[in-house]
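Below are the chains, spelled out letter by letter.
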Amino acid sequence: MTNPHLPLDQKILGDIYSSREAMDNLEVLCDDFGSRFGGTAGEKLAADFIATKYKEYGLSNIHLEPFEYLGWERGDVKLEIISPVQKEIPCITLPQSPPIENFEGEIFNIGEGAPSDFNAKAAQIKGKFLMTNSALYPKGIKRWVHRSEKYGRSLLAGAIGFIFVNHYPGYGPATGGIGWEGEAALAPGISIAKEDGDFIQRLLKKHGSVKIRLTSTDTISPKISWNIVGDLPGTEKPDEIILMGSHYDGHDISQGASDPASGVVSVLEAARVLGKHVKLPRTIRFVMWGVEEIGLLGSNAYVRDHADDLHKIRFYLNMDAAGGAPSKDINLHAWDVLQETFEGYREEMALDFAIGQTFHSASDHFPFLKAGVITGGVEPVRQTRSGRGYGHTQFDTVDKVEIQGLRDAASLAARIVLRVAHEKNWPATPRDTSAVDELLNQPSRTEVQAYLAKMEEYHSQN
Ligand SMILES: [Zn+2]
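These figures come from a predicted structure and were not determined experimentally.

What counts as what
- Residues numbered from 1 in each chain as written.
- Predicted model: local features only at pLDDT ≥ 70, side-chain atom pairs only at ≥ 80, totals over all residues.
- Heavy atoms only, no water.
- Donors = N, O, S within 2.8 Å, 3.2 Å for Na, K, Ca; no water.
- Tetrahedral: all angles 85-135°; square planar, octahedral: opposite > 155°, others 65-115°.
- Buried < 20%, exposed > 50% of the residue type's maximum accessible area, 1.4 Å probe, protein only.
- Helix = DSSP H or I, 4+ residues; strand = E, 2+ residues; numbered from the N terminus.
- Salt bridge = Lys/Arg side-chain N within 4 Å of Asp/Glu carboxyl O.
- Domains from an automatic or database assignment.
- Contact = heavy atoms within 4.5 Å.
- Polar contact = N/O pair within 3.5 Å; in protein donor to acceptor, adjacent residues only side chain to side chain.
- Nonpolar A, V, L, I, M, F, W, Y, C, P; charged D, E, K, R; others polar.
- Phe/Tyr/Trp six-rings, centres within 6.5 Å; stacked < 30°, edge-to-face > 60°.
- Pairing = 2+ DSSP bridges.
- Axes fitted to C-alpha atoms, helices over the stretch in contact; angles between N-to-C directions.
- Expected span 1.5 Å × (residues − 1).

Trainee: Help me understand the coordination of the zinc ion in this model?
Mentor: Note on metal sites: the ideal angle is 109.5 degrees for four tetrahedral donors, and 90 or 180 degrees for six octahedral donors. Within the protein, the zinc ion binds to His247 (NE2), Asp259 (OD), Asp320 (OD) and Asp320 (OD); these donor distances fall in the range 2.0 to 2.5 Å. Geometry at the zinc ion is irregular, judged from the 4 donor atoms that bind it and their angles of 55 to 144 degrees at the metal. When its relative accessible area of 14% is taken as the criterion, Asp259 is described as buried.

Trainee: How do you make sense of unusual backbone geometry when you look at a structure like this?
Mentor: Leaving glycine out, the prevailing phi sign among residues is negative, and the prevailing peptide bond configuration is trans. Cis geometry marks the peptide bond from Ser83 to Pro84; its omega dihedral reads 10 degrees. Checked against the element boundaries, Pro84 lands in the loop between strand E2 (77-83) and strand E3 (87-89). Here Asp259 and Pro260 are connected by a cis peptide whose omega angle stands at 10 degrees. Among the secondary structure elements, Pro260 is positioned in helix H8 (residues 257-277). Positive phi outside glycine occurs at Glu181, with the angle close to 45 degrees. In this structure, Glu181 sits in the loop between strand E7 (161-165) and strand E8 (189-192). A relative accessible area of 62% means that Glu181 is categorised as exposed.

Trainee: Would you explain the pattern of salt bridges in this entry?
Mentor: Counted according to the given criterion, the structure contains 29 salt bridges. The salt bridge involving Lys276 is made with Asp15; its shortest N-O contact spans 2.8 Å. Of this pair, Lys276 sits in helix H8 while Asp15 is found in helix H1 (residues 6-17), placing the two residues 261 residues apart along the sequence. Of the charged contacts, one joins Arg153 and Glu149 as a salt bridge, the two residues approaching to 2.8 Å between their closest N and O atoms. Of this pair, Arg153 and Glu149 both sit in helix H6 (residues 147-156), 4 residues apart, roughly one helical turn.

Trainee: Any chance you could explain the domain arrangement of the protein chain here in plain terms?
Mentor: As assigned here, the protein chain comprises domain 1 (6-72 + 222-439) and domain 2 (75-217). Using only C-alpha atoms to locate each centre, domain 1 and domain 2 end up separated by 32 Å. Taken residue by residue, the interface counts 19 residues in domain 1 and 25 residues in domain 2. On inspection of domain 1 and its partner domain 2, the count reaches 0 salt bridges. Along the contact surface separating domain 1 from domain 2 lie 3 residue pairs in polar contact (both at pLDDT 80 or more). Here the side of domain 1 that touches domain 2 is composed, by residue class, of 9 nonpolar, 7 polar and 3 charged.

Trainee: Got a minute to help me understand the packing of aromatic side chains in this structure?
Mentor: What describes a pair of aromatic rings is the distance from one ring centre to the other and the angle between the planes of the rings. Under the definition given, this model contains 18 aromatic pairs. Between Tyr316 and Phe368 the ring centres are 5.0 Å apart and the planes differ by 35 degrees, which places this aromatic pair in the tilted class. Separated by 52 residues along the polypeptide, Tyr316 in strand E13 (residues 313-318) and Phe368 in helix H11 (residues 365-370) bring together distant segments of the chain. We classify Phe368 as buried; its relative accessible area is 0%.

Trainee: What am I meant to see in the sheet that holds strand E1 (residues 60-73) here?
Mentor: In a beta sheet, neighbouring strands pair by backbone hydrogen bonds and run either parallel or antiparallel. Strand order in the open sheet formed by 8 strands is E1-E10-E12-E11-E13-E16-E14-E15, with mixed pairing between adjacent strands. In this open sheet, the two strands that pair with only one neighbour each are E1 and strand E15 (355-356). The pairing of strand E11 (residues 237-247) with E13 spans 5 bridges and is classified as parallel. Within E13, the residue paired with Leu243 across the bridge is Tyr316. Contacting E1, strand E10 (219-232) and strand E12 (282-289), helix H3 (residues 41-56) crosses the sheet at an angle of about 5 degrees to E10.

Trainee: Would you take a moment to explain helix H12 (residues 403-422) for this structure?
Mentor: Think of an α-helix as 3.6 residues a turn; residues three or four steps apart then line up on the same face. Taking 1.5 Å per residue, 20 residues should reach 28 Å; H12 reaches 29 Å between its end C-alpha atoms and fits that length. Of all 20 residues that make up H12, 16 are buried, and the element is covered over most of its length.

Trainee: Hey, could you run me through the side chain of Asp231 in this one?
Mentor: The topology assignment puts Asp231 in strand E10. A distance of 2.8 Å separates polar atoms of two side chains, one belonging to Asp231 and the other to Arg285. What Asp231 contacts, discounting residues up to four positions off in sequence, is Leu59, Ser60, Asn61, Thr283, Ile284 and Arg285.

Trainee: What is the right way to read the pairing of strand E6 (residues 129-133) from this model?
Mentor: Within a regular strand, side chains alternate between the sheet's two faces. Among the 5 residues that make up E6, 5 are buried, leaving the element largely enclosed by the rest of the structure. Here E6 shows two buried faces, one formed by Phe129, Met131 and Asn133 and the other by Leu130 and Thr132. Where strand E5 (residues 100-111) lies against E6, 4 bridges are found, and the strand directions are parallel. Within the sheet, the bridge partner assigned to Ile107 lies in E6 and is Phe129. As defined by bridge partners, E6 adjoins E7 across 5 bridges and the pair is classed as parallel.

Trainee: Quick question: what am I supposed to make of the pairing of E8 here?
Mentor: Side chains Gly189 and Ser191 of E8 all project onto a buried face; the interleaved residues Ile190 and Ile192 project onto the opposite face, where all are buried too. Here E7 runs beside E8; their pairing, made up of 4 bridges, is parallel. Bridged to Phe164 within E8 is Ser191.

Trainee: Help me understand the environment of Leu412, please; the structure alone is not making it clear to me.
Mentor: Take Leu412: it is sitting in helix H12. Among all residues touching Leu412, those that are not within four sequence positions of it are Lys328, Asp329, Ile330, Met349, Leu351, Phe353 and Val378.

Trainee: Whenever I open this one, the sheet that holds E3 confuses me. Can you help?
Mentor: The sheet built from 8 strands is open, its strands ordered E3-E2-E9-E5-E6-E7-E8-E4 with mixed pairing. What marks the edges here is a single partner per strand, and that holds for E3 and strand E4 (92-93). Two elements, E2 and E3, share 3 bridges in a ladder whose sense is antiparallel. Following the sheet pairing, Glu80 is matched in E3 by Glu88.

Now the structure itself:
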């Protein structure tokens, strides 16, 4: 197969693979600005840095789009086992956990947290702290069961608190938001290391019951964050937009180097080389999303504020953590109609990435997917993990990210959007409301939909 974009591919690849820019940007984001968690000083510094880079790379229409949200700030926390032994256990609270004082209760351990176990064991869960671990795929379950679903199912079963145990040894506690659609969480949630979770399980086995006391001084208050927008305007059809983005906030306990900064710098790198070497018929819009980690808040705000313009988006390519992902593949979010088009791209690009056709709700493509927009992501399809590894722990640091991974993600993304922007025979059209409903209600997801409906009811009553 001939490659009509070969000269541009060569410029893009030659530039990216002979430059350190992506790693330099990663070091600035992580070492200079820290976690960039919503509400920190580093968050705004990172937003301004991204806008400065957009300018340097020749983008136009550069601006920060502010949005309001309910923020959360970590205070102090103390977790003690008060019976059958007395022992303080290191822990962290999970974002949007409410402040709590001398809150006591017994622990019920549900293990990996298969959804059906929460119903089956509701009588034992009621009135207790529910303890579960961070395994993404509980035994026998084929889909990803997200932490927030385990938390939600604990509440529905009557738990008074939530203990999230990292299932990896040596990484300490793993964090992650537990609020419902941007609201504060209704019951406290904490995370502990695997080793402490194992200790508690041994106590439970030996003594039958374990009682804890929890105090935390986190604060919850209104805040403002920003999505950072910049365009490479199309020369022929500027009103048709290919969107590419990543969130830039990490969790407050870490540098968030792989998740998400490796995605941010890969998007920036794609912007740099496309701006330098290419004139495209359609507009490429780059957006870095604020406050993804506590509920996709930036991307939700964008979809809400730009509802009338979403039809202009030909494709959204989500790049969350793309530079650190174990394999660089294209996952189309259930757009079978695009399979052949992307297989054609793959052949002319002489690359061997996989093309997936699944989707999940745990990143910034999801508000777009729900609005019918055609989405995909640079996501691992060939190699997946049973969990996040060091992700969402204090060990997600710059040293874990390899420049090769940043280059692979940036060049794959740049070459894909180059093709989508030129494509004369784009076979996909956005989903209407009923097609979105049908997708979200497909048999494999009805259990999730039923759970979400129950959560909605629970929140309207509490
Ligand atoms: Zn992320």
